[in-house]
Amino acid sequence: MLIKELTQLSGVSGFEDEVRAFLKEHIHHAQVSVDCMGNLICHKAGKGKRVMVAAHMDEVGLIITKITDDGYLKFDAVGGIETAVLSGKRVYIGENKIPGVTGAKAVHLQSRAEMGTPLKIKDMSIDIGASSKEEAEQAVSPGDYAVFDSPFKELESGYVKSKALDDRVGCAVLLELMEEEYESDMYFVFTTQEEVGLRGAKTAAYQIKPDIALVIEGTTCTDVSGSIPEEYVTTTGHGAVMTALDGAAVSNKAYFDYIKRISKEYNIPLQIKRTTAGGTDA
C-alpha cells in the first residue's frame, strides 16, 4: 500500500531526503526538478492557466541538541508537538535509525511541586542505552533528527493509524493525480519544511507564479469521545474537507464556490472545516 510505504519513511522538516528519493522513483510522466529548498517540482506542460497542486513531505519530529556526560540525549521539537504527550515515545535517530525512548524523571521520584508542574522539553531526554557520553557519541551527534516509531496499522472499517499521515496522504494523492492528463499547465509540488513555517511552499510559489493553487493536506477530526457536535472541526466519514479560512490563508471565493459546485454535480461528499485554527501551505 502506497500510503503505508510513505508514512514509514523518515522526513522530519529539513531532512526530507528519504521521502524525496522515494517519490522521485514513482514519478514517470512529468519533468522533475529539485530547487534550493529541496522542493520536488513536477511539471506537466500544457496550455492556459498555470496550476500548482502541493502537498508537504515533512513531518514533525525531534532534533538532538546535546549529549550528557552519562549518555543521555537532550533534544528540542521540530514543528508543533504537544509536550504533554512526548514522554515515553519510541524514536529512531539519524540516518542509521538508532532506536531510543524519550523520558523524564519517574513520577515516584518527583516532588509534589514537580508533579503539579507541566512537563517541559528541557526536563526530558532520550535514552539509547549508552552508559557514557563517549559511547553515545559513537552512534549519534547533536544535529541528528529523531523520528517517531509509530508503525502503520489498518484498523476496522477502513481506518488506519500511523505517524506522518500529515501529509504523506497528500503526497499519495499527488502521485495519483500526476497519472491523469490535463489541458492546463500543471505543477505538482512536494514541499519541504511546512511544519516549521511553510518555507518550501513560499519558495516554490515565487518560482512557479501559479494562477491557481490547490493544497492537499490533512486536518483534524474531533468527533471523538468527550466532544460535543458543536465543537467538531470535521466529521469522519462525511467526505473530503475544504477550508474557507484558517490562521494563514483566506480561500478565493470564486474557487471555493466552484469546488462546491463540482462536488455536488458529481456527488462527491464534501464538508467545510468548521474552525479557523491551524494553517497549511496555501
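That block above? That's the structure.
Summary of the structure given here. (Residues numbered from 1 in each chain as written. Predicted model: local features only at pLDDT ≥ 70, side-chain atom pairs only at ≥ 80, totals over all residues. Heavy atoms only, no water.)

### A closer look at empty space enclosed by the protein
Now for step 1: Inspection of the entire model under this criterion finds one cavity of 30 Å³ or more.
Now for step 2: Size it by volume and the largest cavity reaches roughly 40 Å³.
Now for step 3: Lining the largest cavity are H26, I27, H28, H29, A30, L175, M178 and E179.
Now for step 4: Of the residues in the lining of the largest cavity, the class split is four nonpolar, three polar and one charged. (1 Å grid on protein atoms, 1.4 Å probe; cavity = no way out; pocket = protein on both sides within 12 Å on 5 of 7 lines; lining within 4 Å. Points joined across faces, edges and corners; volume = space filled by probe spheres on them. Nonpolar A, V, L, I, M, F, W, Y, C, P; charged D, E, K, R; others polar.)

### Concerning the pattern of salt bridges
Now for step 1: Taken as a whole and judged by the stated rule, the model has nine salt bridges.
Now for step 2: One salt bridge in this structure joins R20 and D17, with 3.6 Å as the shortest N-O distance. Separated by three residues within a single helix, R20 and D17 lie in helix α2 (residues 17-25), roughly one turn from each other.
Now for step 3: Here K163 makes a salt bridge to E59, at a shortest N to O gap of 3.0 Å. Of this pair, K163 sits in the loop between β11 (160-161) and α5 (165-177) while E59 sits in the loop between β3 (50-56) and β4 (61-67); the two residues are 104 residues apart in sequence, bridging distant segments of the chain.
Now for step 4: E59 sits in the buried class, given a relative accessible area of 2%. (Salt bridge = Lys/Arg side-chain N within 4 Å of Asp/Glu carboxyl O. Helix = DSSP H or I, 4+ residues; strand = E, 2+ residues; numbered from the N terminus. Buried < 20%, exposed > 50% of the residue type's maximum accessible area, 1.4 Å probe, protein only.)

### Let's talk about the packing of aromatic side chains
Now for step 1: Evaluation of the coordinates by the stated rule reveals two aromatic pairs.
Now for step 2: Taking 4.8 Å as the distance between ring centres and 40 degrees as the angle between the ring planes, the aromatic pair formed by F15 and Y145 counts as tilted. Taken together, the positions of F15 in the loop between α1 (2-7) and α2 and Y145 in strand β9 (residues 145-148) put the pair 130 residues apart, joining distant regions of the chain.
Now for step 3: We classify F15 as partly exposed; its relative accessible area is 26%.
Now for step 4: With a centroid separation of 6.0 Å and an interplanar angle of 50 degrees, the aromatic rings of Y182 and F188 are classed as tilted. (Phe/Tyr/Trp six-rings, centres within 6.5 Å; stacked < 30°, edge-to-face > 60°.)

### Quick look at the state of the cysteines
Now for step 1: Overall, the coordinates contain zero disulfides when judged by the stated rule.
Now for step 2: Here C171 stays free of any disulfide, with the sulfur of C42 as its closest cysteine sulfur at 10 Å. (Disulfide = S-S within 2.5 Å.)

### Some words on a negative patch on the surface
Now for step 1: Taken together, the side chains of D69, D70, E134 and E137 present a region of like negative charge at the surface.
Now for step 2: Of note, D69 is situated in the loop between β4 and β5 (73-78).
Now for step 3: Given a relative accessible area of 66%, D69 falls into the exposed group. (Patch = residues over 30% accessible without salt bridge, like charges linked within 9 Å, V, L, I, M, F, W, Y side chains within 5 Å. Areas by Shrake-Rupley, 256 points an atom, 1.4 Å probe, with all protein chains shown as cover. Lys, Arg positive; Asp, Glu negative; His and termini not counted. Charge placed at Lys NZ, Arg CZ, Asp CG, Glu CD.)

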